[in-house]
Structure formats: C-alpha cells, structure tokens
Amino acid sequence: MLIAGNWKMYKGPAETAEFCVELKRHAADLEGVDIAVCPPYASLAVAVQILAGTEIAVAAQNVHWEPEGAFTGEVSAPMLRELGVYGAIVGHSERRQLFGETDEGVARRIRAALDAGLSVIACVGETEAEREAGETEDVLRRQVSVLEAEDNLVLAYEPVWAIGTGKTATPEIAQEAHEFVKSLLDVPVLYGGSVKPENAGELLALPDVDGALVGGASLDVESFAAICLNATRPM
Ligand code: PGA
C-alpha cells in the first residue's frame, strides 16, 4: 500500500517543516505502509531534510523530460534526484486541464523520470462529461496506451469529477475502473479523489486498489496520518 499526499500549491517551507516534524511523530504507528508527501518545488528540500532517516518519502508534483535547457519554469529529473527526492507525480488532471499537458508530453515526462531513477505516480481519469457520455474506458485506454509497465511506475486513477469536490467514487465505480486500468497495464493503481479518513478504509479494502493519492485531506497531518493508518490494517 502506498499513500501519497499531493499538496498542490499549498505549504511553503515553514509550514512544510512543521508538518514533517509532526508526521515523524506518527511514523512508529504507520509501519508497513509506504508513505510519500508531495510538496511544491520550493518546499522539497526542507521536507527531504526533515524526513531523512525515516521511511517517509518525498516526491515532486511534476518533472520535465529534458535534463536541462531553456524551459522556463520547469524542473528536471536529475535536479530532483540531486535534492534527494524519490519520485514525482506526472499527468495530474490539473496539469492536463489548466496547463495544457497532453498524453504525449506526460509520457515523455514519465520516461525521463524513470530513466533518471525516479519513481512515478502517473495520473489518469475521466471527466464528468466523459463518464456521462459513456467514454470512461476510451479515455482511460487512451491515457494508459502511451505508458509501459515498469518497476518504479504506479498509476493513480483519479476521476476528475471526484477531485476536490467531496464526491468520492463509489466502491463499485472505483473497483471497476481499477480493474479495467490494471487489465491495460500491470502496475499498482492508487485511487484519488476526495479520499478522507472516513472513506479511506472502504476504498483501500477494494481488491484492485493499491493505495491512495490524497489531495485536500493530506494537508492536515492528523487526517493524513489517519488515512495512512487505514492502510496498516489487514482488510
Ligand atoms: P482531493 O485531490 O483528494 O483533494 O480530491 C486528489 C488529487 O488531486 O490528487
């Protein structure tokens, strides 16, 4: 089980430091769960520093495909490696929807990250309109088709209509989508979209759910730790 906290554009270095110190206090209760926090770029270094020597990993929220170059605003995989970061989220729906990232660009970012030795959480998922139009499987097939199974690759199924909306996929919807995604690519699949302490147990108990990518509820250390605790229990 992997539980990753996607902080999005929240928490500068000072708040990150506070969070990581608190999270470390919970570490003993959370043995056996793989945990990652994904702060904004500006807060990665402090997170790596404070969590050094623990089992809690630090990942970025994106990564560019070139090792360096004239790409204003981008950060490369070797730079993240140098910082001590273990991996990166790639292809989050906010990147796709708000910043125009494409399946091909996402695939290039993932390739470069894996080649540089980073682990990758690659996000896929349909919008509400796509689900209503019966296109969920087509969208997932298209998004997954540019990827190949690799040891350090996990997918996150994040139905866009469930992200930050408080609407969680029902266990039936999540299980069906996870099973489908796994039939396309044989890698672990995390669920993401309004995961919180109250629904984590039910979602993590599904046969094809291998963990969670948590946004809003990962910003509070107690609620993040509570979600991680759900992953320690035999289900
Ligand atoms: P949410 O976000 O948990 O706030 O819905 C999930 C994500 O965007 O990864």
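Here goes a summary of the coordinates provided. (Residues numbered from 1 in each chain as written. Predicted model: local features only at pLDDT ≥ 70, side-chain atom pairs only at ≥ 80, totals over all residues. Heavy atoms only, no water.)

As for the site of the ligand
Now for step 1: Around the ligand sit 13 residues, and of these Lys8, His92, Glu158, Gly164 and Ser194 come closest.
Now for step 2: Here an oxygen atom of the ligand and a side-chain polar atom of Asn6 are 3.4 Å apart.
Now for step 3: Within the backbone of Gly216, a nitrogen or oxygen atom sits 2.8 Å from an oxygen atom of the ligand.
Now for step 4: Starting from 280 Å² of accessible surface for the ligand in isolation, the protein chains cover 96%.
Now for step 5: Of the residues belonging to the shell around the ligand, the class tally is four nonpolar, seven polar and two charged. (Near = heavy atom within 4 Å. Polar contact = N/O pair within 3.5 Å; in protein donor to acceptor, adjacent residues only side chain to side chain. Areas by Shrake-Rupley, 256 points an atom, 1.4 Å probe, with all protein chains shown as cover. Nonpolar A, V, L, I, M, F, W, Y, C, P; charged D, E, K, R; others polar.)

Overview of unusual backbone geometry
Now for step 1: Located in the positive-phi region is Lys8, a residue other than glycine, with phi close to 55 degrees.
Now for step 2: Residue placement: Lys8 occurs in the loop between β1 (2-6) and α1 (13-26).
Now for step 3: Positive phi values are uncommon outside glycine, yet Ser194 reaches one of about 55 degrees.
Now for step 4: The topology assignment puts Ser194 in the loop between β7 (189-192) and α9 (197-204). (Helix = DSSP H or I, 4+ residues; strand = E, 2+ residues; numbered from the N terminus.)

Considering the packing of α9 against helix α10 (residues 221-230)
Now for step 1: Interhelical geometry of α9 versus α10 gives an angle of 20 degrees and a closest axis separation of 9 Å. With respect to their mutual orientation, α9 and α10 come out roughly parallel. As for the relative orientation of α9 and α10, their crossing is right-handed in sense. Packed against α9, whose contacting residues are Pro197, Ala200, Gly201 and Leu204, the element α10 presents Ser223, Ala226, Ile227 and Asn230 at the interface.
Now for step 2: Residues that form the contact of α9 with α10 fall into these classes: five nonpolar, three polar and no charged. (Axes fitted to C-alpha atoms, helices over the stretch in contact; angles between N-to-C directions. Parallel < 35°, antiparallel > 145°, perpendicular 65-115°, else oblique. Left-handed = near helix turned anticlockwise from the far one by under 90°. Contact = heavy atoms within 4.5 Å.)

A short note on the side chain of Ser76
Now for step 1: Turning to its location among the elements, Ser76 is positioned in the loop between β3 (57-60) and α3 (77-83).
Now for step 2: Ser76 gets classed as buried once you look at its relative accessible area, which sits at 2%.
Now for step 3: For Ser76, the side chain forms a polar contact with the main-chain oxygen of Pro67, separated by 2.8 Å.
Now for step 4: Residues in contact with Ser76, not counting those within four places in the same chain, are Val63, His64, Glu66 and Pro67. (Buried < 20%, exposed > 50% of the residue type's maximum accessible area, 1.4 Å probe, protein only.)

Points about the packing of aromatic side chains
Now for step 1: Evaluation of the coordinates by the stated rule reveals three aromatic pairs.
Now for step 2: Summarising the aromatic geometry, the rings of Tyr157 and Tyr191 are spaced 6.4 Å apart at their centres and angled 55 degrees between planes, so their arrangement reads as tilted. Placement of Tyr157 in strand β6 (residues 153-157) and of Tyr191 in strand β7 is noted, with a sequence separation of 34 residues between them.
Now for step 3: The rings of Trp7, Phe19 and Phe224 are connected pair by pair, giving a single aromatic cluster.
Now for step 4: Sitting above the plane of the Trp7 ring, Lys11 keeps its charged end 5.7 Å from the centroid.
Now for step 5: The positively charged end of Arg95 is found above the aromatic ring belonging to Phe99, 4.0 Å away from the centroid. (Phe/Tyr/Trp six-rings, centres within 6.5 Å; stacked < 30°, edge-to-face > 60°. Lys NZ or Arg CZ within 6 Å of the ring centre and 35° of its normal.)

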